[in-house]
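One letter stands for each residue in the lines below.
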Amino acid sequence: MKMLKPVVRHRGSVIIIVLWTSVLLTILVTTMASKVRLQARTAFHNQVAANDWAAVQAAVNLAEAELMMERMPRPVGEQMEITDDGELRTPAYRFNGQPLSLNYPSREDMQVRIYDHSGKISLHRISRRNMQALIEHRLGENPDPNEVQRLLSAWTDWTDLNDLQGLDGAESQYYQSLDPGYSPRNNLELDSVDEILHIRGFAELFEGVNLDAAFTVYGSQASVNLNLATREAMQLLPGLNDELIETLIAFRETEDIDNRFEVGLVIPTENLVELSRWIGNNTSNVYSIFVYPEITAQSDDEPADEGEPRTDPVTQAYMKIVEVRNINQLPRVLQVNPYGQLPDTAPARVDEYNIVLPN
């Protein structure tokens, strides 16, 4: 019996070593398998990203071709879209941010939206009178006249051609006192719409506004075309409120707005008086192109109700601003932003505001 005890102890030690070795090997194999699986997923997602990037760039090129084709004569026998009254619709008005089916189709799941900049407020062409009206509208009902004058003077001093401070204005002395300090533009030709945030008081005035959707610093148009206007631009226009904006969007989905009389069909007279000096029917040659892989807010297990438009959950997309000069030259690239913020793309919120369009 005394000679068996060391053997028993030895066998116990062997079993413990074997168990620990098994545990360590299991951990090692699991770690290696996880690493291999992670590398495989990384390679897969990189491949998907590369394919999507190529598809996005292809769709952008096709969108540019679409804009060049818009300047060509209409093909003989082309089936034009018509209204319920049998009137021809203006093809150029489809560049108002609605999802597009291009003449040369892109990949099926690629979403393409084009915005004509005549649907935005031009910061280069806005008059002092209109800027005052915009400030008053933005400040809300019964704005403080002193605050309106203070903001208007700051805008005037930023965009005039000298460094002389006007009454309640702001010039170099004020801006250089900030941390960090900077100099005012002293020119109406702003480099970007975000520049207005540097003007005293304007960051607070336009807090929460998608500036790129509402304003433009490109093109020569002074008016806003309601057929092409973004929600963000219309929300800043005097004479419009959310209900009237949704009514205009619902109206233009089926009819072109060709003159002030047609605007008056859906806008009360007192509102039209304020709005009238802002609107026109011109189009521009500057466009924002947004392209992104299409996704839906609903899962495959929860399809949208029949007849109900799907909500587009995408808020950022590849964005390119181009100027289309003629059919013989490629569009001139003015700006590229891989993470551009999309304007509000929702269809008219008819049910929310109980909108009934005129017959």
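Residues numbered from 1 in each chain as written. Predicted model: local features only at pLDDT ≥ 70, side-chain atom pairs only at ≥ 80, totals over all residues. Heavy atoms only, no water.

(A) A look at the overall build of the protein. The helix and strand inventory of the protein stands at 11 helices and 6 strands. For the protein, whose C-alpha radius of gyration is 30 Å, the value lies well above the compact-globule estimate of 21 Å for 359 residues. The 359 residues of the protein split such that 40% are buried. For the protein, contacts bridging at least 24 residues in sequence account for 67% of all contacts bridging at least 6. As presented, the protein carries roughly 21100 Å² of accessible surface, and 53% of it is formed by carbon and sulfur atoms. (Helix = DSSP H or I, 4+ residues; strand = E, 2+ residues; numbered from the N terminus. Rg over C-alpha atoms; globule rule 2.2 N^0.38 Å. Buried < 20%, exposed > 50% of the residue type's maximum accessible area, 1.4 Å probe, protein only. Contact = heavy atoms within 4.5 Å. Areas by Shrake-Rupley, 256 points an atom, 1.4 Å probe, with all protein chains shown as cover.)

(B) Looking closely at the sheet that holds strand 4 (residues 286-293). An order of 1-4-5-6 is seen for the 4 strands of this open sheet, with the pairing classed as antiparallel. A single partner strand is all that each edge strand has here, and the edge strands are strand 1 (110-116) and strand 6 (332-341). Neighbour-to-neighbour, the strand axes of the sheet open up by a mean angle of 20°, direction not taken into account. One ladder, built from 7 bridges, connects strand 5 (residues 316-323) with strand 6; its direction is antiparallel. From the neighbouring strand, valine 322 faces strand 6, where its bridge partner is valine 333. (Pairing = 2+ DSSP bridges. Axes fitted to C-alpha atoms, helices over the stretch in contact; angles between N-to-C directions.)

(C) Inspection of a negative patch on the surface at higher detail. On the surface, Asp84, Asp85, Glu87 and Asp258 cluster together to form a negatively charged patch. Note that aspartate 84 resides in the loop between helix 1 (4-69) and strand 1. (Patch = residues over 30% accessible without salt bridge, like charges linked within 9 Å, V, L, I, M, F, W, Y side chains within 5 Å. Salt bridge = Lys/Arg side-chain N within 4 Å of Asp/Glu carboxyl O. Lys, Arg positive; Asp, Glu negative; His and termini not counted. Charge placed at Lys NZ, Arg CZ, Asp CG, Glu CD.)

(D) Seen up close, the side chain of asparagine 225. Among the structural elements, asparagine 225 can be located in the loop between strand 3 (215-216) and helix 7 (231-234). Residues within four places of asparagine 225 in sequence aside, it is in contact with Tyr93, Ser118, Gly119, Gly280, Asn281, Asn282 and Thr283.

(E) Main features of the environment of arginine 185. With respect to the helices, strands and loops of the structure, arginine 185 is situated in the loop between helix 4 (172-176) and helix 5 (202-205). Taking the relative accessible area as the measure of exposure, arginine 185 reaches 31% and is therefore partly exposed. C-alpha of arginine 185 to C-alpha of proline 313: the two residues are 128 residues apart in sequence and 37 Å apart in space. Look past the residues within four positions of arginine 185 in its chain and what remains in contact with it is Trp158, Leu190, Asp191 and Glu195. Among the polar contacts listed, one links the side chain of arginine 185 to the side chain of aspartate 191, at a separation of 3.0 Å. (Polar contact = N/O pair within 3.5 Å; in protein donor to acceptor, adjacent residues only side chain to side chain.)

(F) Focus on the layout of surface pockets. Approximately 270 Å³ is the volume attributed to the second largest pocket. What lines the second largest pocket is Asp84, Asp85, Glu87, Phe251, Thr254, Glu255, Asp256, Glu262, Leu265, Leu357, Pro358 and Asn359. Grouping the constituent residues of the lining of the second largest pocket by class yields 4 nonpolar, 2 polar and 6 charged. (1 Å grid on protein atoms, 1.4 Å probe; cavity = no way out; pocket = protein on both sides within 12 Å on 5 of 7 lines; lining within 4 Å. Points joined across faces, edges and corners; volume = space filled by probe spheres on them. Nonpolar A, V, L, I, M, F, W, Y, C, P; charged D, E, K, R; others polar.)

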